[in-house]
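As a plain string of letters, each chain reads:
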Amino acid sequence: MSELLGLYALWLREVKVYSRERSRIASSVFTPILWLFVFGKGLGATISIGGLAYDIFLYPGIIAMSTLFTSLFFGVYIVWDKRVDFLKEVLVSPLSRTTVFLGKVLGGMTDTIIQVTILLLLAPFLGISIGPRTIVLIYGTVFFLSLGIVSIGLIIGSVMESPEGFGLVVSFVAYPLFFLSGALFPIWNLPPWLRAFVMLDPVTYGVDALRTVILGGGAIPLEVSFAVLTAFSAAMVYIGTKAFERMKAY
Amino acid sequence: MRGLTKVFEGGIHALRGIDFHIKDGEIFGLLGPNGAGKTTTINILATLLKQTSGEAVVNGFDCLEEPHKVRQSIGIVFQDPSSDDMLTGRENLHLHGLMYGLRKAEREKRIEEVLRLVELTDRADDRVRRYSGGMRRRLELARGLLHKPKVLFLDEPTLGLDPQSREHVWRYIGGLVDEGGLSILLTTHYMEEAEKLCHRVAIIDRGKIIVLDTPKGLTESVGGDVVALKTGNPDVTALAEKEYVLSIEQKEGLLTLTVRDAKQNLPEILRLAGRVESVEMHSPTLNDVFLHYTGREIREGPEEGGYGTRMMMSVKRR
Ligand SMILES: Nc1ncnc2c1ncn2[C@@H]1O[C@H](COP(=O)(O)OP(=O)(O)OP(=O)(O)O)[C@@H](O)[C@H]1O
Ligand SMILES: [Mg+2]
């Protein structure tokens, strides 16, 4: 029970700080909008994929992309907590390290979900209509993808000492995950070596699930995608709690 | 704690065998210069660091074996600010209350109490970012007290405070233990703070406790009063022969003596001291104690000047 109150406290802090940093929200939706309306519309003028204009085809990929980047870069806040010493306050409290980790994870997932919600509100402007069942499935996909990716960000953050260092390391992780995920291209006709890499990328399953539920016709059965995402996020949460147990306050 | 040592990676011996025991209801001071190992000691007791060897027990719980129970027993004010400055003072306290599992009614009551205690009630809903350094310090003190810890660690609680705020904090801290059920370990490098607040003081230097006693016992151990003279041509040999002069030190026209029964012997000292420009006499402060035991001064700010029974007088020779 106390752990739950503590979990709530840690989550509440993240939400309050997030809602006070308006620029963080604005900048986090700015990039996806550029992708959708400039890159997507630009290519969409001449290119269509599987009978869909490119910007429409791109839409699920961009939701996955926002999820990936927001979730992964959220890990920087654990580095900041070390920097401003708030982490010490948390680590001397009676809360278990698992709670400390999960509180941070929930914070990152909340950021991500708010951002995805803003992107969902843009669907009508692209002429995409989304029903209630689709919405549930979208949030389900984003939930598991974000759970796993936020954990990766926090694992990296738990061993980094400076935000700059964190940024460098995370870029190394983020771009391969993004480009290999099939967010920008269909994955059904790839050369085998590339396909192998693509199938190793957990984000691929998020992209494909979103594409299946929003547009129909993904390359991977939905159940498979969900199974992979669940296993992936469970593994990352497990590693994350271990990483937080080993994390030093200094 | 017993025989505590800490060697950091990279081979810095921060603690070389620290032993002390804090009694219930006591304010215990760790006094020492920068890098002495004060913060390291607190961090071990607060379970943020693990000692290299030795045993640390807080409120009956071993810091290595039952860190969870130790953490439930303690409150801490860190040397560096550790509140979230994007949140208001009240929100910081609210989060703290939740993290320590306080229920709503109790939590709200305690938040108001501690805010009143540190006189931040009217600024409670401002973001901490807009607080002054001293207000932030007081907020963190309030936070350390919110969950009614058994042991409170204060790492340089008045660092960077102006003299008024410092007096303020001293008054709270003094009052806290009077209410009972709380022991305090505080570190400082301000002599005055240790003298005014602490029941017992351990002087720590380079990871070792040099001496541990009550402030009074420590000052008495120096053995007499300190007389400092600014003078031209003192008769040092004659002074040194006097049986009431315990020690004598001459540095750049400044003559410092430790003297038994200084009040009675002052006239004779003045006679032997040559052309005296000024004389200053005070009962020994902890600074003198530190000097006495280590041969070095504690580096400290200029505001540490006039405390205690120190008297200043200008003496003109007739
Ligand atoms: N994380 C660390 N890694 C390596 N050495 C450290 C670390 N923290 C402290 N030290 C070293 O341990 C020694 C004691 O440091 P500590 O912070 O305990 O001193 P202190 O008494 O609190 O000093 P101050 O008055 O400056 O706060 C110093 O020599 C310091 O350099
Ligand atoms: Mg210190």
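On a predicted model such as this, the values are computed, not experimentally measured, just so you know.

1. Remarks on the overall build of chain A
Scanning chain A from N- to C-terminus turns up eleven helices and two strands. Seen in sequence order, chain A has helices and strands lined up from the N terminus as α-α-β-β-α-α-α-α-α-α-α-α-α. Scaling as 2.2 N^0.38, a compact globule of 250 residues should have a C-alpha radius of gyration of about 18 Å, and chain A matches this with 18 Å. Its C-alpha atoms put chain A at 60 × 40 × 35 Å along the principal axes.

2. What about the interface of chain A and chain B?
Each partner contributes to the interface: chain A provides 28 residues, whereas chain B provides 31 residues. Interface of chain A and chain B: buried area, both sides summed, is about 2,600 Å²; carbon and sulfur atoms make up 63% of it. A salt bridge links Arg-143 of chain B to Glu-89 of chain A; the shortest N-O distance between them is 3.4 Å. Counting across the chain A and chain B interface gives eight residue pairs in polar contact (both at pLDDT 80 or more). Contributions of two or more residues to the side of chain A that touches chain B are made by α1 (2-20) and α5 (86-91) of chain A. The greatest single-element share of the side of chain A that touches chain B, amounting to twelve residues, is contributed by α1 of chain A. Split into classes, the residues belonging to the side of chain A that touches chain B amount to 16 nonpolar, three polar and nine charged.

3. Some words on the packing of helix α3 (residues 54-73) of chain A against helix α6 (residues 97-121) of chain A
All names here are of chain A. Running from N to C, α3 and α6 cross one another at 155°; their axes reach a closest spacing of 9 Å. It follows that α3 is roughly antiparallel to α6 by the angle criterion. In the crossing of α3 with α6, the sense of the turn from one axis to the other is right-handed. Across from Tyr-59, Ile-62, Ile-63, Ser-66, Thr-67, Thr-70 and Ser-71 in α3, the residues of α6 making contact are Asp-111, Thr-112, Gln-115, Val-116, Leu-119 and Leu-120. Considered class by class, the residues forming the contact of α3 with α6 number six nonpolar, six polar and one charged.

4. Some thoughts on the sheet that holds strand β7 (residues 74-77) of chain B
Residues and elements named next belong to chain B. As summarised here, the arrangement of the six strands in space is β7-β8-β9-β3-β10-β11, forming an open sheet in which the pairing is mixed. Only two strands of the sheet have a single neighbouring strand rather than two, namely β7 and β11 (208-213). Direction aside, neighbouring strands of the sheet carry axes that sit 15° apart on average. Inspection of the sheet shows strand β8 (residues 151-155) paired to strand β9 (residues 183-188) by five bridges, in the parallel sense. Residue pairing across strands places Val-151 opposite Ser-183, the latter belonging to β9. Relative to β7, helix α5 (residues 133-146) is tilted by about 175°, and along the sheet it contacts β7 and β8.

5. Brief notes about the nonpolar core
Membership of the largest hydrophobic core comes to 109 residues, with the highest contact counts inside it found for Tyr-59 and Ile-63 of chain A together with Phe-153 of chain B. Discounting chain neighbours no more than four positions away, the residues touching Phe-153 of chain B are Ile-42, Leu-45, Ala-46, Val-58, Ile-74, Gly-75, Ile-76, Val-77 and Leu-185 of chain B. Membership of the second largest hydrophobic core comes to 43 residues, among which are Trp-170, Leu-182, Leu-186 and Phe-290 of chain B.

6. Overview of a nonpolar patch on the surface
Taken together, the side chains of Phe-30, Leu-34 and Val-38 of chain A make up a nonpolar region of the molecular surface, amounting to roughly 300 Å² of accessible area. With respect to the helices, strands and loops of the structure, Phe-30 of chain A is situated in helix α2 (residues 22-44).

7. Things to note about the coordination of the magnesium ion (ligand 2)
Coordination of the magnesium ion (ligand 2) by the protein involves Thr-39 of chain B (OG1) and Gln-79 of chain B (OE1), with metal-donor separations of 1.8 to 2.1 Å. Placement of the pair is Thr-39 of chain B in helix α1 (residues 38-45) and Gln-79 of chain B in the loop between β7 and α3 (89-99), with a sequence separation of 40 residues.

8. Concerning the packing of α6 of chain A against helix α7 (residues 132-159) of chain A
Residues and elements named next belong to chain A. Where α6 meets α7, the closest approach of the two axes is 9 Å, and the angle between their N-to-C directions is 135°. What the angle tells us is that α6 and α7 run oblique. α7 is crossed by α6, and the crossing has right-handed handedness. Mapping the contact onto sequence places Phe-101, Lys-104, Val-105, Gly-108, Met-109, Thr-112, Ile-113, Val-116, Thr-117 and Leu-120 in α6 and Ile-138, Tyr-139, Val-142, Phe-143, Ser-146, Leu-147, Val-150, Ser-151 and Leu-154 in α7. Grouping the constituent residues of the contact of α6 with α7 by class yields 13 nonpolar, five polar and one charged.

So, how was this worked out
- Position labels on residues start from 1 in each chain and follow its written sequence.
- Both sets of labels track the order of writing: A upward for chains, 1 upward for ligands.
- Only residues with pLDDT of at least 70 are given local features in this predicted model, and only at 80 or more are side-chain atom pairs given and counted; all residues enter the totals for whole chains, interfaces and linings.
- With hydrogens and water excluded, all non-hydrogen atoms of the structure serve as input to the side-chain values.
- Numbered from the N terminus, helices here are DSSP runs of H or I no shorter than four residues, and strands are runs of E no shorter than two.
- We compute the radius of gyration over the C-alpha atoms and compare it with the globule rule, which gives 2.2 Å times the number of residues raised to the power 0.38.
- Here, two residues are considered to be in contact whenever any of their heavy atoms come within 4.5 Å of each other.
- Take the accessible area each of two parts loses on contact, using a 1.4 Å probe, and add the two losses: that sum is the buried area.
- Here, a salt bridge means any Lys or Arg side-chain nitrogen found within 4 Å of an Asp or Glu carboxyl oxygen.
- Any N or O atom pair separated by 3.5 Å or less is treated as a polar contact, with the protein-specific requirement of one donor-capable and one acceptor-capable atom, and with residues adjacent in sequence counted only for side-chain atom pairs.
- Throughout this entry, Asp, Glu, Lys and Arg are counted as charged residues, while Ala, Val, Leu, Ile, Met, Phe, Trp, Tyr, Cys and Pro are counted as nonpolar. The remaining residues, Gly among them, count as polar.
- A fitted line through C-alpha atoms serves as each axis, taken over the contacting stretch for helices, and the angle formed by two N-to-C directions is quoted from 0 to 180°.
- Roughly parallel means an angle under 35 degrees; roughly antiparallel, over 145; roughly perpendicular, 65 to 115; everything else is oblique.
- Here a crossing is called left-handed whenever its near helix is offset anticlockwise from the far helix by less than a right angle, and right-handed whenever the offset is clockwise.
- When DSSP finds two or more bridges between two strands, those strands count as paired.
- Among buried residues, those of type Ala, Val, Leu, Ile, Met, Phe, Trp, Tyr and Cys that are joined through side-chain atoms within 4.5 Å constitute a nonpolar core.
- With a 1.4 Å probe rolled over the protein chains alone, any residue whose accessible area is under 20% of its type maximum counts as buried; one over 50% counts as exposed, and the rest are partly exposed.
- For patch detection, residues must exceed 30% relative accessible area and be free of salt bridges, and they are connected within 9 Å for like charges or within 5 Å for nonpolar side chains (Val, Leu, Ile, Met, Phe, Trp, Tyr).
- Using a 1.4 Å probe, accessible areas were evaluated by the Shrake-Rupley method; residue-level cover was limited to the displayed protein chains.
- Distances decide who is a donor: an N, O or S atom must be within 2.8 Å of the metal, or within 3.2 Å for Na, K and Ca. Water is not included, so sites may look incomplete.

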